[in-house]
Structures are given as structure tokens and as C-alpha cells.
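Inside the fold
Okay, here's what each chain looks like letter by letter:
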Amino acid sequence: GDDPLMHVAKGPKVPNRLPEDSASSSRMQRFRKILGEPNVDLKALQELSWNGVPSEVRPMVWRLLLGYLPTNCERRWATLERKRKEYNECATRYFDIPDSERTEDELRTYRQIIVDVPRTHSDIQLFQTEAVQRCLERILYTWAI
């Protein structure tokens, strides 16, 4: 059957792995119950999340708790698509331009990001790859502007 967590209709499937011990399994079942509702109860989700969120549901939980996605399951996919489109439009308009088209404030912001990005988890190789650093620069600059 369908995974009740994927009330983000058409979105990627969340792995159906349950943690090993019974307490974790019970906790995961509570997350699945809350997330499987047509309208997620944010207060119940906040209370359950207080002691941590299992990795299997963490992306969805944080998107809901931060208000990035609506609690109504039928609106999630359209909202996610709209936000992705908005981000891509902003990044194209403000990041993917020559420096000559940036204001002095924008150049200062960009230079600071370029200085800070290589410092991000300098002990983790993933964050030191050029592609990841470029992605972080784009995300941070677009967010800042």
C-alpha cells in the first residue's frame, strides 16, 4: 500500500524502515500516524519531535514545523513545486549574473559568502567539493538578497 507519510503526493517515497528497538518502533509509528493525517496537528508533531526526529521522517517534519510546507496534505506538492520555481527564478535573476550587475551591497554580501562557504564543516570532505560549495554559495546568496 501507499506510505502514509507521502501525503506530499507525487513526491519521493520515504523509506519504510523502522528502527530496531520497540520503543523506537513505537515512536516511529506515532510519527507516521501524525504525518499520515490529512491535516497534520503541528502541536502534536512539535511535542513528539521534542526529543528528536527519526532520520526517515526528518525532512518532512522540519518542512512542516518550519512552515515551509502546509499541514494540509493535498496542498503540499503544489506548494513545494511553487517554492522550487520561485527559488530558481530568484537564483537566476540575482545569482546567475555578472558581478558588474550587482550593487556594492550585493558584492559585499557575495564576497562574505565566498569567504565563509569553505569554512562550512571543513572537516567533512563533501563540503569541500567545488560543486557543493557552489550550491551553498547560490543558496546563501539567493536567501540573503
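Attention here is on the structure that accompanies the text. (Residues numbered from 1 in each chain as written. Predicted model: local features only at pLDDT ≥ 70, side-chain atom pairs only at ≥ 80, totals over all residues. Heavy atoms only, no water.)

Attention shifts here to the layout of surface pockets. In this structure, the largest pocket encloses a volume near 340 Å³. Contributing to the lining of the largest pocket are 13 residues, with Tyr 68, Lys 83, Tyr 87, Ile 139 and Trp 143 lying nearest its centre. Looking at the lining of the largest pocket, the elements that each hand over two or more residues are α4 (73-95) and α6 (130-144). With seven residues, the top contributor of residues to the lining of the largest pocket is α4. Counted by class, the lining of the largest pocket contains eight nonpolar, one polar and four charged residues. (1 Å grid on protein atoms, 1.4 Å probe; cavity = no way out; pocket = protein on both sides within 12 Å on 5 of 7 lines; lining within 4 Å. Points joined across faces, edges and corners; volume = space filled by probe spheres on them. Helix = DSSP H or I, 4+ residues; strand = E, 2+ residues; numbered from the N terminus. Nonpolar A, V, L, I, M, F, W, Y, C, P; charged D, E, K, R; others polar.)

Ranked by internal contacts, the top residues of the largest apolar core, which has 14 residues, are Phe 31, Leu 35, Leu 45, Val 57, Val 61 and Leu 64. Phe 95, Tyr 110, Ile 113 and Val 117 belong to the second largest nonpolar core, which has five residues in total. (Core = buried A, V, L, I, M, F, W, Y, C linked by side-chain atoms within 4.5 Å. Buried < 20%, exposed > 50% of the residue type's maximum accessible area, 1.4 Å probe, protein only.)

Relative to each other, helix α5 (residues 104-116) and α6 sit at 145°, their axes nearing to 10 Å. By crossing handedness, the relation of α5 to α6 is classed as right-handed. Contact with α5, carried on its side by Glu 106, Thr 109, Tyr 110, Ile 113 and Ile 114, involves Arg 134, Glu 137, Leu 140, Tyr 141 and Ala 144 of α6 and no other residues of that element. For the contact of α5 with α6, a count of residues per class yields six nonpolar, one polar and three charged. (Axes fitted to C-alpha atoms, helices over the stretch in contact; angles between N-to-C directions. Left-handed = near helix turned anticlockwise from the far one by under 90°. Contact = heavy atoms within 4.5 Å.)

Let us now look at the pattern of salt bridges. Should their charged atoms come close, side chains of opposite charge can pair. If you walk through the whole model with that rule in mind, you get 10 salt bridges. The shortest N-O distance in the salt bridge between Glu 89 and Lys 85 comes to 3.9 Å. Of this pair, Glu 89 and Lys 85 both sit in helix α4, four residues apart, which is roughly one turn of the helix. A salt bridge links Asp 96 to Arg 138, with the shortest nitrogen-to-oxygen separation between them at 2.9 Å. Here Asp 96 is found in the loop between α4 and α5, whereas its partner Arg 138 is found in helix α6, with 42 residues between them in sequence. (Salt bridge = Lys/Arg side-chain N within 4 Å of Asp/Glu carboxyl O.)

Right, let's get into the packing of aromatic side chains. Two aromatic rings are characterised by how far apart their centres lie and by the angle between their planes. Taken as a whole and assessed by the stated rule, the structure comprises three aromatic pairs. Ring geometry for Tyr 110 against Tyr 141: centres 5.6 Å apart, planes inclined by 80°, an arrangement best described as edge-to-face. On the criterion of sequence distance, the pair formed by Tyr 110 in helix α5 and Tyr 141 in helix α6 is long-range, its members being 31 residues apart. We classify Tyr 141 as buried; its relative accessible area is 0%. Put simply, the rings of Phe 95, Tyr 110 and Tyr 141 pair up and form one aromatic cluster. Positioned above the aromatic ring of Phe 95, the side-chain terminus of Arg 102 is 5.9 Å from the ring centre. Sitting over the ring of Tyr 141, Arg 102 keeps its end group 4.8 Å from the ring centre. (Phe/Tyr/Trp six-rings, centres within 6.5 Å; stacked < 30°, edge-to-face > 60°. Lys NZ or Arg CZ within 6 Å of the ring centre and 35° of its normal.)

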